[in-house]
Amino acid sequence: MFIDSHAHLDDPKFESDFRAVLDRATKAKIEKVLVIGNGVSSSKVDSAISIAKKHQWLDVAAGIHPHDAGTATGDNWIELTRFAQEEKLVAWGEIGLDFHYNYSDPEVQKEVFIQQLLLAKKSSLPVIIHTREAETETLKILSEHYADCRRQGIMHCYSGSLSMAQCCLEMGFYISFSGILTFPQAHEIRRIAEMIPLDKLLIETDAPYLAPVPYRGKRNEPAFLVETAKILASIRNVDIETIAKCTRENYFRVIYRK
Ligand SMILES: [Zn+2]
Ligand SMILES: [Zn+2]
C-alpha cells in the first residue's frame, strides 16, 4: 500500500471524473492521499475539507500558498485558525516561498510564511513546505521560526540542493519526492533521493501537476504514484515493497504522531 503525501484533489481538473480517479487510486493500492487545500477564500479550503470528509481514507491540509500570499487578509487568518480545529485537518500547508514565479511580493511571501509557521506551531500541526528558488531564505525562516518545534514537517516535491536537504533533515523534516524523479534530466534529484535516510523519505504526486513518465504531460492523479515508487526503488536498489513500507511508516510518523 502506498501513501500519496501531496495531491490537489480539489482542482477543477478532477471535477468531471472524481469518482473514477479515486477508484483507480484504490486499484493502484493507494491507501491514503493528503489533499492540499490551498487558497485565500474559505470556499476553496472548504471544498478540500468536504472532499476529505466524504472519504475516510483522505486526509487534508490547508494553508496559504506563497502564490496567494499577496491577497491574504486578516479574515483568512481567522478562517485558517478555525480550519485547524477540524478533525480531518492533519497538516498546515502548503506554505513557503516561491521566488521562481514571484506571483506575490517576496517580502509579503516571507511575512505570510512566518505567520503560518507560528499558527501551525500553536495548533500543533506539522507543516508542508513549498520552496522554489528560495533556499537561503526558506532555511533562514525555518531555523528562526520553526526549528524548535516538536511537530516536524514535509519538504514537498523536493527539487533543491543536497546541502539544503541535509539542513532540512537536521531540523527534523521529511523529504518528499514527486514524479520529477522519473524525468530523464533529473539526475541531481535522483542523486539526492539516493542519499536521504529511508526513515525520512516520502512520495507524492502533486496531482494534477507533474505526471511521472510514462504519463508526462497528462493530468496527474494518485494512481500514478506507483511510477515514482518504482523509480525510487531502483535508485535505492531495494524492492518496491520496501519503499511502500518505509514511506507509509514515515507518513504516519510525521503526520499523526503528536
Ligand atoms: Zn508546491
Ligand atoms: Zn502542491
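In what follows, the structure referred to is the one given above.
On a predicted model such as this, the values are computed, not experimentally measured, just so you know.

Draft legend 1. Spotlight on the overall build of the protein. When helices and strands are tallied, the protein shows nine helices and eight strands. Only carbon and sulfur atoms are counted for the fraction: they give 52% of the accessible area of the protein, which is about 11200 Å². Taken as two groups, the 31 positive and 35 negative side-chain charges of the protein have centres that lie 5 Å from each other.

Draft legend 2. Quick peek at the coordination of the zinc ion (ligand 1). Distances from the zinc ion (ligand 1) to its protein donors, Glu94 (OE), His130 (ND1) and His156 (NE2), fall within 1.9 to 2.1 Å. Summarised as a motif, the one-chain spacing of the donors to the zinc ion (ligand 1) is E-x35-H-x25-H.

Draft legend 3. Up close: the coordination of the zinc ion (ligand 2). Protein coordination of the zinc ion (ligand 2) is provided by His6 (NE2), His8 (NE2), Glu94 (OE) and Asp206 (OD), with donor distances spanning 2.0 to 2.6 Å. Angles of 86 to 178 degrees at the metal separate the four donor atoms of the zinc ion (ligand 2), which places the site in the irregular class. All donors of the zinc ion (ligand 2) belong to a single chain; written as a sequence motif, their spacing is H-x1-H-x85-E-x111-D. Here the zinc ion (ligand 2) and the zinc ion (ligand 1) are spaced 3.4 Å apart, linked through glutamate 94, which binds each one. With histidine 8 in the loop between strand E1 (2-7) and helix H1 (18-27) and aspartate 206 in the loop between strand E8 (201-203) and helix H8 (225-236), this pair connects stretches of sequence that are 198 residues apart.

Draft legend 4. Fine view of the sheet that holds strand E4 (residues 89-98). Across the sheet, eight strands lie side by side as E1-E2-E3-E4-E5-E6-E7-E8; this open sheet has parallel pairing. The open sheet has two edge strands, E1 and E8, and neither has a second partner. In this sheet, adjacent strand axes meet at a mean angle of 25 degrees when their direction is disregarded. In this sheet, E4 lies alongside strand E3 (residues 58-63) in parallel orientation, the contact comprising three bridges. Pairing of alanine 62 across the sheet is with tryptophan 92, part of E4. Each of strand E5 (127-132), strand E6 (153-155) and strand E7 (174-177) is contacted by helix H6 (residues 162-170), which is oriented at about 135 degrees to E7, the strand it contacts most.

Draft legend 5. Quick look at unusual backbone geometry. Geometrically, the link from glycine 93 to glutamate 94 is a cis peptide bond, its omega value of 5 degrees lying close to zero. By the element assignment, glutamate 94 lies in strand E4. Cis geometry marks the peptide bond from alanine 207 to proline 208, where omega comes out at 10 degrees. Looking at the element boundaries, proline 208 is found in the loop between E8 and H8.

Draft legend 6. Region of the structure containing the pairing of E7. A two-sided burial pattern is seen for E7, the buried positions comprising Tyr174 and Ser176 on one face and Ile175 and Phe177 on the other. After leaving E6, the chain enters H6 and then returns to the sheet as E7, a path that is right-handed. The sheet contact formed by E7 and E8 spans three bridges and is parallel. From the neighbouring strand, serine 176 faces E8, where its bridge partner is leucine 202.

Draft legend 7. Up close: the pairing of E1. In terms of burial, E1 is largely enclosed, as six of its six residues are buried. Regarding topology, H1 serves as the crossover connection from E1 to the parallel strand E2 (residues 30-38), and that connection is right-handed.

Draft legend 8. Highlighting the side chain of histidine 6. In this fold, histidine 6 is placed in strand E1. A distance of 3.3 Å separates polar atoms of two side chains, one belonging to histidine 6 and the other to histidine 156. When neighbours within four sequence positions are excluded, histidine 6 is seen to be in contact with Leu34, Ile36, Glu94, Ile128, His156, Glu204, Thr205, Asp206 and Ala207.

About the thresholds
Residues numbered from 1 in each chain as written. Chains lettered and ligands numbered in written order. Predicted model: local features only at pLDDT ≥ 70, side-chain atom pairs only at ≥ 80, totals over all residues. Heavy atoms only, no water. Helix = DSSP H or I, 4+ residues; strand = E, 2+ residues; numbered from the N terminus. Areas by Shrake-Rupley, 256 points an atom, 1.4 Å probe, with all protein chains shown as cover. Lys, Arg positive; Asp, Glu negative; His and termini not counted. Charge placed at Lys NZ, Arg CZ, Asp CG, Glu CD. Donors = N, O, S within 2.8 Å, 3.2 Å for Na, K, Ca; no water. Tetrahedral: all angles 85-135°; square planar, octahedral: opposite > 155°, others 65-115°. Pairing = 2+ DSSP bridges. Axes fitted to C-alpha atoms, helices over the stretch in contact; angles between N-to-C directions. Contact = heavy atoms within 4.5 Å. Buried < 20%, exposed > 50% of the residue type's maximum accessible area, 1.4 Å probe, protein only. Right-handed = clockwise from strand over helix to strand, strands pointing away. Polar contact = N/O pair within 3.5 Å; in protein donor to acceptor, adjacent residues only side chain to side chain.

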